[in-house]
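Residue-level listing of the chains:
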Amino acid sequence: ATYRAITATFAAGHVVVMAHQTGIKASPKLKETFGELSGAAVRLLKVVIENEELEPRDTITPTGSWEDDFDKSVLRLLDDDKPCYILYRLDSMHGESYEWLLLAFTPEASSVKDRMVYAATRSTLKMEFGGGRVKEELFGIQKTDINLDAYKAHLAAADGPAPLTAAELEKLTIAEADKQARTEIGTQTRQSHLHGVSFPIQPDALDQLERLKKKEVMYVQLVSLCSSFEFPIL
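Small disclaimer: the values here were computed from a predicted structure and weren't measured.

**Student:** Any chance you could break down the environment of Phe34 for me, citing the residues and the numbers?
**Tutor:** Within the secondary structure, Phe34 sits in helix α1 (residues 28–34). Once residues lying within four places of it in the same chain are set aside, the contact partners of Phe34 are Leu45, Leu87, Leu125, Glu128, Phe129 and Arg133.

What follows is the structure, given as structure tokens:
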């Protein structure tokens, strides 16, 4: 299952680690659609996560140059409260294939879980589509983050400080989602604070933190409980 619930028993006084992976893959229909994108007949493909699979949603044919088509094609397919991916075909070629942009849109009004799942699945979509076909990637939480002006600004910034990498953007997205989740919890519950309390860290937790340092995993969640009981982690 995509967000499979993991039931675990925690011993008092120990910190344990949980890895979170979506396991979402391209559906047969999306793979078939990918095979139809080799020519110039399609300008844009919108992809969404549905029923635990990456699914094709909309395609748009070109009516002008890639610049002429950009905003009028991309912006009208973005929902204010639903994440999505946009694969946008440029007019430039790499070898015998067209070059593409991968736009990842995770609006602030979407749920925390959706934003985290889309952030964690982006690299899978790129791999299934063919990473060599993707020239650039843009990430946004507002429509103005991934419009034509934003893309041109991204290109212009190539001579300036390096933009955030995809991994850095994913970490930022997850950090912002986690911050919002904590804020939402704080408005509904009264939080208790303990000071000067420390617990030993299990060896497997240290191993996972080392993997995080090496960027082998996207994030690590550490949990400490004061008594043994079972609960689901989503």
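**Student:** I'd like a rundown of the nonpolar core, residues and numbers included.
**Tutor:** Core analysis: the biggest nonpolar cluster contains 39 residues, and Phe70, Tyr85, Ile86 and Tyr88 have the highest contact counts within it. Among residues more than four places away in sequence, those in contact with Tyr88 are Arg43, Leu44, Trp66, Asp69, Phe70, Ser73, Val74, Glu99, Trp100 and Leu101.

**Student:** Outline the sheet that holds strand β8 (residues 134–140), listing residues and values.
**Tutor:** What the six strands build is an open sheet, ordered β3-β5-β4-β6-β7-β8; its pairing is mixed. Whereas interior strands pair on both sides, the edge strands pair on one side only; in this sheet they are β3 (25–26) and β8. Of the strand pairs in this sheet, β3 and strand β5 (residues 53–60) are connected by two bridges, and their pairing is parallel. Its bridge partner being in β5, Lys25 is matched across the sheet by Glu53. The sheet contacts of helix α3 (residues 112–129) involve β3, β4 (44–50), β5, β6 (84–94), β7 (97–105) and β8, and relative to β6 the element is tilted by about 35°. Across the face of the sheet, helix α4 (residues 148–156) comes into contact with β6, β7 and β8 while running at roughly 115° to β8.

**Student:** Explain the packing of aromatic side chains residue by residue, including any values.
**Tutor:** Enumeration over the complete set of coordinates arrives at seven aromatic pairs. Relative to Tyr151, the ring of Trp66 lies with its centre 5.7 Å away and its plane at 80°, an arrangement referred to as edge-to-face. Highlighted residues: Trp66 in helix α2 (residues 66–74) and Tyr151 in helix α4, separated in sequence by 85 residues. The pair Trp66 / Tyr151 is uniform in exposure class, with both members buried. Ring geometry for Tyr85 against Tyr118: centres 5.1 Å apart, planes inclined by 40°, an arrangement best described as tilted. One end of the pair, Tyr85, is in strand β6; the other, Tyr118, is in helix α3, with 33 residues separating them in the sequence. The pair formed by Tyr85 and Tyr118 is uniform in burial state, with each residue classed as buried. Members of the aromatic cluster, joined through ring pairs, are Trp66, Phe70, Tyr88 and Tyr151. Positioned above the aromatic ring of Tyr98 is the side chain of Arg89, whose terminal nitrogen or guanidinium carbon lies 4.5 Å from the ring centre. Here Arg133 stacks its cationic end above the ring of Phe129, 4.2 Å away from the centre of that ring.

What counts and how
Residues numbered from 1 in each chain as written. Predicted model: local features only at pLDDT ≥ 70, side-chain atom pairs only at ≥ 80, totals over all residues. Heavy atoms only, no water. Helix = DSSP H or I, 4+ residues; strand = E, 2+ residues; numbered from the N terminus. Contact = heavy atoms within 4.5 Å. Core = buried A, V, L, I, M, F, W, Y, C linked by side-chain atoms within 4.5 Å. Buried < 20%, exposed > 50% of the residue type's maximum accessible area, 1.4 Å probe, protein only. Pairing = 2+ DSSP bridges. Axes fitted to C-alpha atoms, helices over the stretch in contact; angles between N-to-C directions. Phe/Tyr/Trp six-rings, centres within 6.5 Å; stacked < 30°, edge-to-face > 60°. Lys NZ or Arg CZ within 6 Å of the ring centre and 35° of its normal.

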